[in-house]
Amino acid sequence: MPRAQQQAGFSLIEVMMAMIVLAFGILGVMSALQWSDFGLRQGTTGTHALALAESRLEVKRTVPWDALLTDDLDGDGRAEVTMRDDGQLPDKQAGDGIYTAMIEQDGIVLRWTVQPDRAGPVQAWGSAVITAGARYPAGQGQWRDVTVGTLRANPRYLGTR
């Protein structure tokens, strides 16, 4: 009887090694997908924080000059927030001439300031520097900040600088 033909194929060890290599490849791909998902969520949160800061700044650009230190957050015609310069949170230092307000929305802390060019009532100011900043969590106990600002002139100011 002729010798049995040798069967061609893969041995068990070769199949197991191929499965191990495939498993490491899949682990690498899954890890890359997790990092890209994390980056995408961080980018989305950062964009949302920037949009909130820009929105608050735009509101401050368009309100009547006399209403510069009050904020109608929900658009109902009543001011919910009055900016303060009294040294109590969110204001950092009393009497420094920087009026401050703050809210938290969707895990993002939004803080805005109005710094006039001179002391006195709002009507006596010639201009004011307005800033809006957002602080948002960046994961692993870290925070990121984004700040925008503008200079606004009093349209009824008639004095000298």
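What comes next is a walk through the structure. Fair warning: this is a prediction, and the values are worked out from it, not measured in the lab. (Residues numbered from 1 in each chain as written. Predicted model: local features only at pLDDT ≥ 70, side-chain atom pairs only at ≥ 80, totals over all residues. Heavy atoms only, no water.)

One number sums up the size of the largest pocket: a volume of about 210 Å³. Along the walls of the largest pocket sit 16 residues, with V109, R111, G133, R135 and D145 positioned nearest its centre. Those elements giving two or more residues to the lining of the largest pocket turn out to be strand 4 (108–116), strand 5 (127–139) and strand 6 (142–153). Ranked by the residues each element gives to the lining of the largest pocket, the list is headed by strand 4, at five residues. (1 Å grid on protein atoms, 1.4 Å probe; cavity = no way out; pocket = protein on both sides within 12 Å on 5 of 7 lines; lining within 4 Å. Points joined across faces, edges and corners; volume = space filled by probe spheres on them. Helix = DSSP H or I, 4+ residues; strand = E, 2+ residues; numbered from the N terminus.)

We now examine the pairing of strand 4. As paired elements, strand 3 (residues 99–105) and strand 4 share seven bridges and run antiparallel to each other. Within the sheet, the bridge partner assigned to M102 lies in strand 4 and is R111. The sheet contact formed by strand 4 and strand 5 spans eight bridges and is antiparallel. Counterpart to R111 in the pairing with strand 5 is G133. (Pairing = 2+ DSSP bridges.)

What follows covers the pattern of salt bridges. All chains considered together, the criterion is met by eight salt bridges. R61 is the partner of E58 in a salt bridge, and the nearest nitrogen-oxygen pair spans 2.7 Å. Within this pair, E58 and its partner R61 are both found in helix 1 (residues 12–62), separated by three residues, close to a single helical turn. What makes E58 partly exposed here is its relative accessible area of 38%. Put simply, R56, K60 and D71 are held in one network by salt bridges that share partners. (Salt bridge = Lys/Arg side-chain N within 4 Å of Asp/Glu carboxyl O. Buried < 20%, exposed > 50% of the residue type's maximum accessible area, 1.4 Å probe, protein only.)

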